[in-house]
Amino acid sequence: MRVGIIGGGAAGLVAAGFCENAEVTLLERNEKVGKKLYITGKGRCNVTNNCALYEFFPKIVNGGKFLTSALTAFPPQSFMEYVSDGGVRLKTERGNRVFPTTDKASDIIKALAARAGKNAAIMTDVRVTAVRKEGDVFKVATSRGEFEFDRLIIATGGVSYKATGSTGDGYAFAKSFGHKIVSPVPALCGIRLASDVRTLDGLILRNVRATVTAGGKKFSEFGEMDFTERGVGGPIILTLSSYINRCALAGETLCIDMKPALSPNTLDERLVSDFGEMPNKDLVNILTSLLPSSVIPYVIAQSGVSPRVKGNSVTRDMRYALGFSVKNLAFPIAGLEDIDTAVVTSGGVELKEVDPKTMQSKLCKGLYFAGEILDTDALTGGFNIHCAAATGRAAGIAASGG
Ligand SMILES: Cc1cc2nc3c(=O)[nH]c(=O)nc-3n(C[C@H](O)[C@H](O)[C@H](O)COP(=O)(O)OP(=O)(O)OC[C@H]3O[C@@H](n4cnc5c(N)ncnc54)[C@H](O)[C@@H]3O)c2cc1C
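Residues numbered from 1 in each chain as written. Predicted model: local features only at pLDDT ≥ 70, side-chain atom pairs only at ≥ 80, totals over all residues. Heavy atoms only, no water.

## A look at the nonpolar core
Nonpolar side chains in soluble globular proteins generally cluster together in the buried interior. Within the largest apolar cluster, 80 residues are counted, with the highest numbers of intra-cluster contacts made by Phe79, Val83 and Ile153. When residues in this core are grouped by element, the largest group, 10 residues, is from helix H13 (residues 383-399). Leaving out residues up to four positions away in the same chain, Val83 has contacts with Val47, Val88, Leu90, Ile108, Ala111 and Leu112. (Core = buried A, V, L, I, M, F, W, Y, C linked by side-chain atoms within 4.5 Å. Buried < 20%, exposed > 50% of the residue type's maximum accessible area, 1.4 Å probe, protein only. Helix = DSSP H or I, 4+ residues; strand = E, 2+ residues; numbered from the N terminus. Contact = heavy atoms within 4.5 Å.)

## Structural notes on the side chain of Glu28
With respect to the element layout, Glu28 can be found in the loop between strand E2 (23-27) and helix H2 (35-39). With no salt bridge to any partner, buried Glu28 finds its closest opposite charge in Arg29, at an N-O distance of 5.8 Å. For Glu28, the side chain forms a polar contact with the main-chain nitrogen of Asn30, separated by 2.8 Å. When sequence neighbours within four positions are dropped, the list of residues in contact with Glu28 reads Gly7, Gly8, Gly9, Val33, Met123, Thr124, Asp125 and Val126. (Lys, Arg positive; Asp, Glu negative; His and termini not counted. Salt bridge = Lys/Arg side-chain N within 4 Å of Asp/Glu carboxyl O. Polar contact = N/O pair within 3.5 Å; in protein donor to acceptor, adjacent residues only side chain to side chain.)

## A closer look at the site of the ligand
Neighbouring the ligand are 36 residues, the closest being Glu28, Asn46, Asp169, Glu372 and Ile385. Here a nitrogen atom of the ligand sits 2.9 Å away from a polar atom, N or O, in the main chain of Asn46. In the environment of the ligand, an oxygen atom lies 2.6 Å from a nitrogen or oxygen atom belonging to the side chain of Glu372. In isolation the ligand offers 1,000 Å² of accessible surface; the protein chains occlude 95% of this area. At the level of elements, helix H1 (10-17), H2, helix H7 (169-176) and H13 are the ones that each hand at least two residues to the shell around the ligand. The dominant element in the shell around the ligand, judged by the number of residues it contributes, is H13, at four residues. (Near = heavy atom within 4 Å. Areas by Shrake-Rupley, 256 points an atom, 1.4 Å probe, with all protein chains shown as cover.)

## Section: the sheet that holds E2
Overall, parallel pairing links the five strands, which are arranged E7-E2-E1-E11-E20 in an open sheet. Both edges of this open sheet fall to strand E7 (120-123) and strand E20 (367-369), since each of them pairs with a single strand only. Taken over all neighbouring pairs, the strand axes of this sheet differ in orientation by 20° on average, direction set aside. Where E2 and E7 come together, four bridges link them in parallel fashion. Paired with Leu27 across the strands is Met123, a residue of E7. (Pairing = 2+ DSSP bridges. Axes fitted to C-alpha atoms, helices over the stretch in contact; angles between N-to-C directions.)

## Remarks on the sheet that holds strand E13 (residues 191-193)
Here we have six strands rolled up into a closed barrel, ordered E13-E16-E15-E14-E17-E18, and antiparallel in their pairing. Ignoring which end each strand starts from, the neighbouring axes of this sheet average 45° apart. Sheet topology note: the strand E17 (residues 253-257)/strand E18 (residues 329-336) ladder contains four bridges and is antiparallel. Among the inter-strand pairings, Ile256 is bridged to a residue of E18, identified as Leu329.

## Let's talk about the domain arrangement of the protein chain
Domain assignment breaks the protein chain into domain 1 (2-184 + 347-399) and domain 2 (190-337). With eight residues of domain 1 at the interface, the matching set in domain 2 holds five residues. With both sides pooled, the region where domain 1 packs onto domain 2 buries about 490 Å², and carbon together with sulfur makes up 48% of that total. Broken down residue by residue, the surface that domain 1 buries against domain 2 is led by Val61, Leu379 and Thr380, which jointly contribute 60%. Applying the counting criterion to the domain 1 and domain 2 interface returns zero salt bridges. Across the contact surface, domain 1 and domain 2 share one residue pair in polar contact (both at pLDDT 80 or more). Its residues assigned to classes, the side of domain 1 that touches domain 2 comprises four nonpolar, three polar and one charged. (Domains from an automatic or database assignment. Buried area = accessible area lost by both parts, 1.4 Å probe. Nonpolar A, V, L, I, M, F, W, Y, C, P; charged D, E, K, R; others polar.)

This is the structure:
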């Protein structure tokens, strides 16, 4: 049995690692495998999440049901064992995030490549340009001539961070076999704002609540976010982006509760006390005890109160307006950041056309898909690499006849 694997990312490498008793060839366009893995987890590679499966599933934004079989067969602890057997020690950090003890993503790549190399000939600098099936044989045209396989696994990733090799070639291959591609959109990405927020660039907000109402639904996250030159990013924004990426966003608003721990009444009492303690100071200076200074002009502007009003001249209505502004600081949304900057691509090969147990195409026998090319995506925390690995494993076992 000749098995071809296109793509040497997490999915392709793990697929190869599970292709036993077959003649396996992995084709990777880059000069080395795992180029995207190298930049994951800020260079440390958060390879999976050491949680129970019932905690894993809620972290999947798209494709949870489809992934049930693959994840049940290959839960995080099994993947950790697999990676460890490849020669790398792992540690579990806050939020069950798993990293190599060396904090080097390259060690994860080495481990996955070592396991893959036991079964597969790994060929780098080979870009697949077209794929067709003649009779029972897959003919794979590449920059280095044509290859023939009995089974073919497409693991070419999505279309984010294209410099790592994932430029969407696999979508065209899938389409050529009649597969539908759910249009790729950015997930786990920043949100661009329509207003000028350059003076907030670099500001990190912790313990805030960000809310977006989009597509008639309200999405809300508590935690850390930051401002960029033209928008917002950081953990809670990335999460929100994955939920709103198919909604029309122009005209929608990002609302930040700067003090979610304080009820409107408690916040009002705090303002009364601050104004009482600083009766002769300007409002703009009084609020520094409550808020980061760069955000104060935005809060005051939204409230409609003059920044130069003195503490002892703030009326009750002014105070209410300020309190509302602190808890509902609103920014009009322009849209999501470009897909190339997204941590993952949402969309890809339509799941209805793929067998969830084997990852085999329901349209073409012997054709398999694995990893981010599928219409699945999850939140941050090691879940995306894990899903790539679990689907890679399922495809590898099935394609090699297991
Ligand atoms: C900055 C960043 C940080 C991230 N951090 C994390 C993290 O810490 N934890 C986590 O779980 N997830 C993380 N992710 C997401 C995760 O990296 C991906 O979801 C996962 O690696 C996808 O694996 P894959 O094998 O499906 O695709 P890819 O890793 O994209 O691999 C696809 C491979 O196919 C090759 N290829 C494409 N077309 C061809 C062709 N025509 N011929 C030959 N080869 C081809 C590409 O060169 C590439 O090597 C991060 C992503 C980014 C961008």
